[in-house]
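The primary structure of each chain is shown beneath.
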Amino acid sequence: FMVAMLVAVLVLMLVVIVPSIAETITQLGGEMPGLTLAIIGASNFVVDYGLYFLLGMAALIGLHIYLMKNISKYRFAIHSFLYKLPLFGPMLMKMHLQTLSNTLSQLLSSGVTIANALQICVKTIPNLKMRDAVQKASTRVSQDGYDVYSAFESTKFFPIDFIQMIMIGSSSGNLDGILTSISDQYAKEVEEKQNNKIINLIKEIVTSLLYLLIVFR
């Protein structure tokens, strides 16, 4: 949803706002620098070849959907890449950790053993990269005799603050309570960052384009 919104903002800028500003700059006269011309050129391309652009995007999206459904290695690679995205990766990680913490807490509170709870959690995680890490942790608890903290740490996947909280909960005998606290904290952070990042990113895109078009004309 957020990516689609950003794309929509960029297209709107290139199709509506940039041509209007470019016309004003042309009327005022003066030579425009290469960067400004490049942005105007991109705008002209989208306006003139918008249909071909949309068809190309549709083809790429169709190919992506096909590969996601039929090629497991591709799907795993995409899921791994999502966590590495500079703006949305950390937020996505917290969303999935919130789901994991909440589910694990409820299961432990209901009397389910940690080994069985982890195995159930594997099925609730939408991201294949995290699912694989939880599966490894589950195996190390049930088959190798690891405690839950060491099992999570051994995967080399989970963030250090999450692991430290798991260690505190495990050593204090209040793991389900700590997991509830983790879930609540991540839910709060995700809600705040979702609102702030979308607004700020859109502002930065609009401001940057206007700056390049007007200041450097």
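One structure accompanies this document, and this report is about it. (Residues numbered from 1 in each chain as written. Predicted model: local features only at pLDDT ≥ 70, side-chain atom pairs only at ≥ 80, totals over all residues. Heavy atoms only, no water.)

**A few points about the overall build of the protein chain**
Our working definition: Helix numbers and strand numbers start at the N terminus; a helix is a DSSP run of H or I with at least 4 residues, a strand a run of E with at least 2. Burial classification: accessible surface area is computed with a 1.4 Å probe over protein chains only, and a residue below 20% of its type maximum counts as buried, one above 50% as exposed, and the rest as partly exposed. Throughout, the Shrake-Rupley method with a 1.4 Å probe supplies accessible areas, and for residues the shown protein chains are the sole cover considered.
Within the protein chain, the regular secondary structure consists of ten helices and zero strands. Traced from its N-terminal end to its C-terminal end, the protein chain shows the element sequence α-α-α-α-α-α-α-α-α-α. In the protein chain, buried positions account for 33% of the 217 residues. Approximately 12,900 Å² of the protein chain is accessible, and the part contributed by carbon and sulfur atoms is 63%.

**Side note on a nonpolar patch on the surface**
Where we set the bar: Exposure above 30% relative accessible area and no salt bridge define the residues that can form patches, which grow by joining like charges within 9 Å and nonpolar side chains of Val, Leu, Ile, Met, Phe, Trp and Tyr within 5 Å. In the sections that follow, a salt bridge refers to a side-chain nitrogen of Lys or Arg positioned within 4 Å of a carboxyl oxygen of Asp or Glu.
A contiguous nonpolar surface patch, about 1,100 Å² in accessible area, is contributed by Phe-45, Tyr-49, Leu-51, Tyr-52, Phe-53, Leu-54, Leu-55, Met-57, Leu-60, Ile-61 and Ile-65. Looking at which element gives the most residues to the nonpolar patch, the answer is helix α3 (residues 50-70), with nine residues. Mapped onto the secondary structure, Ile-65 falls in helix α3.

**As for the packing of aromatic side chains**
What describes a pair of aromatic rings is the distance from one ring centre to the other and the angle between the planes of the rings. Applicable threshold: Here a Phe, Tyr or Trp ring, Trp counted by its six-membered ring, pairs with any other such ring whose centre lies within 6.5 Å, and the pair is stacked when the planes are under 30 degrees apart, edge-to-face when over 60, and tilted otherwise.
Evaluation of the coordinates by the stated rule reveals five aromatic pairs. With centroids separated by 5.6 Å and ring planes inclined at 90°, the aromatic side chains of Phe-152 and Phe-162 adopt a geometry described as edge-to-face. With Phe-152 in helix α8 (residues 148-154) and Phe-162 in helix α9 (residues 160-172), this residue pair connects regions lying ten residues apart in the sequence. The burial state of Phe-152 is the same as that of Phe-162; both residues are buried. A ring pair is formed by Phe-157 and Phe-158, whose centres lie 5.1 Å apart and whose planes are at 85°; its orientation type is edge-to-face. Here the two residues Phe-157 and Phe-158 agree in accessibility, since each one is buried.

**As for the nonpolar core**
It is characteristic of soluble globular proteins that their nonpolar side chains tend to be buried jointly. As a reminder, the rule being used: Joining through side-chain atoms within 4.5 Å is the link that ties buried Ala, Val, Leu, Ile, Met, Phe, Trp, Tyr and Cys residues into a set, and such a set is a nonpolar core. Any pair of residues with heavy atoms lying within 4.5 Å of one another is described as a contacting pair.
In terms of nonpolar packing, the biggest core is built from 33 residues, with Leu-100, Met-130, Val-134, Phe-152, Phe-158, Phe-162 and Ile-166 touching the most fellow members. Going through the elements one at a time, α5 (89-109), α6 (114-122), α7 (128-142), α8, α9 and α10 (175-214) are the ones with two or more residues in this core. Sorting elements by how many residues they give to this core places α5 first, with seven residues. The contacts of Leu-100, once residues within four sequence positions are left out, are Cys-121, Ile-125, Val-134, Phe-152, Phe-158 and Phe-162.

**Focus: the side chain of His-79**
The condition is simple: Pairing of N or O atoms within 3.5 Å defines a polar contact, subject to two protein rules: one partner must be a possible hydrogen donor and the other a possible acceptor, and residues neighboring in sequence count only if both atoms are side-chain atoms.
With respect to the helices, strands and loops of the structure, His-79 is situated in helix α4 (residues 72-82). A polar side-chain atom of His-79 sits 2.8 Å from the main-chain amide nitrogen of Leu-128. Aside from chain neighbours lying at most four places away, what touches His-79 is Met-68, Pro-126, Asn-127, Leu-128 and Lys-129.

**A short note on α5**
Just so we agree on the cut-off: Here, expected helix span is obtained from the residue count minus one, scaled by 1.5 Å.
For α5, with 21 residues, the first-to-last C-alpha span of 30 Å sits near the 30 Å given by 1.5 Å per residue. Once α5 finishes, Gly-111 follows within two positions and takes phi at roughly 95°, a positive value.

**Some thoughts on the environment of Phe-158**
Inspection of the secondary structure puts Phe-158 in the loop between α8 and α9. Distance from Phe-158 to Val-134, taken between C-alpha atoms, is 9.4 Å for residues 24 residues apart in sequence. When near neighbours in sequence (up to four residues on either side) are disregarded, Phe-158 contacts Leu-97, Leu-100, Met-130, Ala-133, Val-134, Phe-152 and Ile-163.

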